[in-house]
Amino acid sequence: MATLKPVRGTQDVLPAENRQLRYVESVAFGVAQIYGYGEISTPIFEFTDVFARTLGDTSDIVTKEMYSFEDRGGEGITLRPEGTAGVARAVMSGGLQQDLPLKLFYRGPMFRYERPQKGRRRQFGQVGVELIGVAGPLADIEVIALGHQFLDRLGVGAQVTLELNSLGDTQSRAAYRDKLVDYLQGFEDQLSDDSRERLTRNPLRILDSKNEGDRKIIGGAPVLSDCLNDESRDFFDAVKAGLEKLGIAFEINSRLVRGLDYYCHTAFEFTTNDLGAQGTVLAGGRYDGLFEQMGGRETPGIGWAAGVERLALLTGETVAAPRPVAVVPVGNEAEAAALDLTQELRRAGVAVDLGYSGNMKKRMKRAGNLDARFAVLLGQDELARGAATIRDMDSGEQSEVSLSQVAEHLRQSGA
RNA sequence: GCGAAUGUAGCUCAACUGGUUAGAGCACCGGCUUGUGGUGCCGGGGGUUGGGGGUUCAAGUCCCCUCGUUCGCCCCA
């Protein structure tokens with residue numbers, strides 16, 4: 001039995017749950033299309049370099065969370081831990097930089113070797129968008145508005161808060177980093193072990209620490225927004241003004257830094273308090289340095305990704321399966337006729353189920369369990385008259401309809 | 001990777017301080033009703049109590065190991 005279990009952090013998704021997940025994805029894609037995005041699919045695995053070089057050597061994803069292996073040809077391969085790097089690689093491989101700006105939507109599984117928790121799996125679904133090739137703040141505004149509208153359409157708008165920050169351009173970020181390290185070094189012996197290590201590796205991340213002692217120290221730390229140069233500040237102001245104009249509420253969170261190295265300027269997260277520790281539901285930011293870092297031409301970009309399972313948990317709604325019509329033959333001779341009728345209805349686009357075996361009572365019960373809208377009863381009597389009895393499973397009303405009219409009758413009844 | 005909790009039938013849960021064949025509800029199957037589901041009544045199948053080891057006359061119950069899950073840390077969608 002133990003060996004028949006799925007690998008830790010993975011799970012089998014049955015039809016009822018899949019309907020919810022597909023629903024989340026389809027809402028996302030629907031809204032993305034309204035904004036002019038087309039869907040791109042990239043491979044589920046890439047050369048390890050694609051992720052290692054873009055995410056940064058200091059990110060936790062690269063240092064301990066990647067599913068990496070060597071394939072039979074000796075190539076270093078990694079199951080994608082996120083979507084942006086693969087999309088950027090595809091844009092460069094395909095020469096798509098000639099077609100800027102690009103508006104791309106993606107969906108699919110991602111893989112991270114993490115300790116599973118509620119809303120956190122080793123294989124999980126993401127939907128995401130990337131707007132590539134637009135340097136101005138209008139891109140940031142549109143991408144955030146798209147995320148906002150998506151969450152709204154899903155019906156979780158009231159449960160989430162948009163947090164916003166600016167990391168500034170490279171120059172601003174470097175200036176801030178120096179200031180922050182200066183400040184924190186004064187408290188080095190008081191910082192948590194994790195944070196002390198990050199002091200040299202990735203000091204900005206200390207701002208995000210949940211350790212109580214750390215937070216006290218952070219409270220007095222210099223603020224990133226004070227270090228933005230004029231250009232970065234103007235950019236951020238423009239983004240904020242745009243969101244206000246669109247009526248999209250946000251909170252400035254100066255401690256918001258993204259985990260991945262390629263981000264600059266705008267960083268944002270839609271978070272909720274309804275999912276325990278995994279509160280981030282949709283997050284993204286601007287990544288103007290990414291393409292260069294991958295060895296390509298400098299190309300600005302901004303995007304976000306959202307966790308499909310987390311959003312499905314948040315909506316709490318179940319998505320009902322479509323209601324079929326059940327064809328119920330009575331007696332052996334009726335089975336052949338039932339098969340014909342079933343096929344005819346299916347060709348006409350009607351969803352049909354037939355109880356495969358058993359007496360009428362059993363088949364009716366199965367029809368009930370399938371939540372059938374109508375049952376089509378075929379017995380000796382009906383067959384002799386070239387007809388079938390159609391039963392409305394909700395009202396219990398029955399009427400006899402000639403066989404040739406069954407499809408039409410059902411269609412008119414809304415089946 | 002660290003800390004804590006937890007694991008009994010398909011699902012939700014019982015089983016006093018360790019004490020005879022581990023129970024219930026729901027679900028499933030059959031019958032009352034051999035041409036009618038959703039309500040009712042009667043009956044039935046189903047558990048090596050996550051797995052392994054140990055303590056004991058006796059372990060679902062205590063101890064150790066292991067696997068899974070949950071909550072937090074870390075990190076992130």
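Before reading on, note that the structure itself is shown above.
Residues numbered from 1 in each chain as written. Chains lettered and ligands numbered in written order. Predicted model: local features only at pLDDT ≥ 70, side-chain atom pairs only at ≥ 80, totals over all residues. Heavy atoms only, no water.

Asker: Hey, could you go over the protein's contact with RNA strand B for me, with residue numbers and the actual values?
Answerer: As a matter of local geometry, RNA strand B sits amid 48 residues, with Arg112, Lys118, Arg120, Arg198 and Lys362 nearest to it. Backbone sugar and phosphate groups make up 54% of those atoms of RNA strand B lying within 4 Å of the protein. The side chain of glutamate 65 places a nitrogen or oxygen atom 3.1 Å from a sugar or linking oxygen of RNA strand B. Top element by residues in the surface near RNA strand B is helix H13 (residues 360–369). It accounts for six residues. Per-class residue counts for the surface near RNA strand B are 10 nonpolar, 15 polar and 23 charged. (Near = heavy atom within 4 Å. Polar contact = N/O pair within 3.5 Å; in protein donor to acceptor, adjacent residues only side chain to side chain. Helix = DSSP H or I, 4+ residues; strand = E, 2+ residues; numbered from the N terminus. Nonpolar A, V, L, I, M, F, W, Y, C, P; charged D, E, K, R; others polar.)

Asker: Outline the pairing of strand S14 (residues 374–378), supporting the account with residue identities and numerical values.
Answerer: By the criterion of burial, S14 is predominantly enclosed, with five of the five residues buried. Both faces of S14 are covered, namely the face carrying Phe374, Val376 and Leu378 and the face carrying Ala375 and Leu377. Taken together, the five bridges between strand S12 (residues 325–329) and S14 define a ladder with parallel strand orientation. Along S14, the bridge assignment pairs proline 329 with leucine 378. (Buried < 20%, exposed > 50% of the residue type's maximum accessible area, 1.4 Å probe, protein only. Pairing = 2+ DSSP bridges.)

Asker: Which residues make up the nonpolar core, and what are the values?
Answerer: If you look at the biggest cluster of nonpolar residues, it comprises 84 residues, and the most contacted ones within it are Phe150 and Trp304. With nine residues, helix H5 (residues 137–154) is the single largest residue contributor to this core. In this view, phenylalanine 150 contacts Val24, Val27, Ala28, Val31, Val127, Leu282, Trp304, Ala306 and Leu311; residues no more than four positions away in its chain are not counted. In terms of nonpolar packing, the next biggest core, distinct from the first, is built from 18 residues, Leu345, Phe374, Ile390 and Leu410 among them. (Core = buried A, V, L, I, M, F, W, Y, C linked by side-chain atoms within 4.5 Å. Contact = heavy atoms within 4.5 Å.)

Asker: An account of the pattern of salt bridges is requested, with residue identities and associated values reported.
Answerer: Any two side chains of opposite charge can pair, so long as their charged atoms come close to each other. One pass over the full model with this rule turns up 15 salt bridges. As a salt-bridge pair, aspartate 237 and lysine 240 come within 3.6 Å of each other at their nearest N and O atoms. Here aspartate 237 and its partner lysine 240 are both found in helix H9 (residues 230–245), three residues apart, which amounts to about one turn of the helix. Glutamate 400 serves as the salt-bridge partner of arginine 385, at 2.4 Å between the closest nitrogen and oxygen. Residue arginine 385 is located in the loop between helix H14 (380–384) and strand S15 (387–392), and its partner glutamate 400 is located in strand S16 (residues 398–402); the two are separated by 15 residues in the primary sequence. On the accessibility criterion, glutamate 400 (41% relative accessible area) is partly exposed. Linked by salt bridges that have partners in common, Arg323, Asp371, Arg373, Asp392 and Asp394 make up one network. (Salt bridge = Lys/Arg side-chain N within 4 Å of Asp/Glu carboxyl O.)

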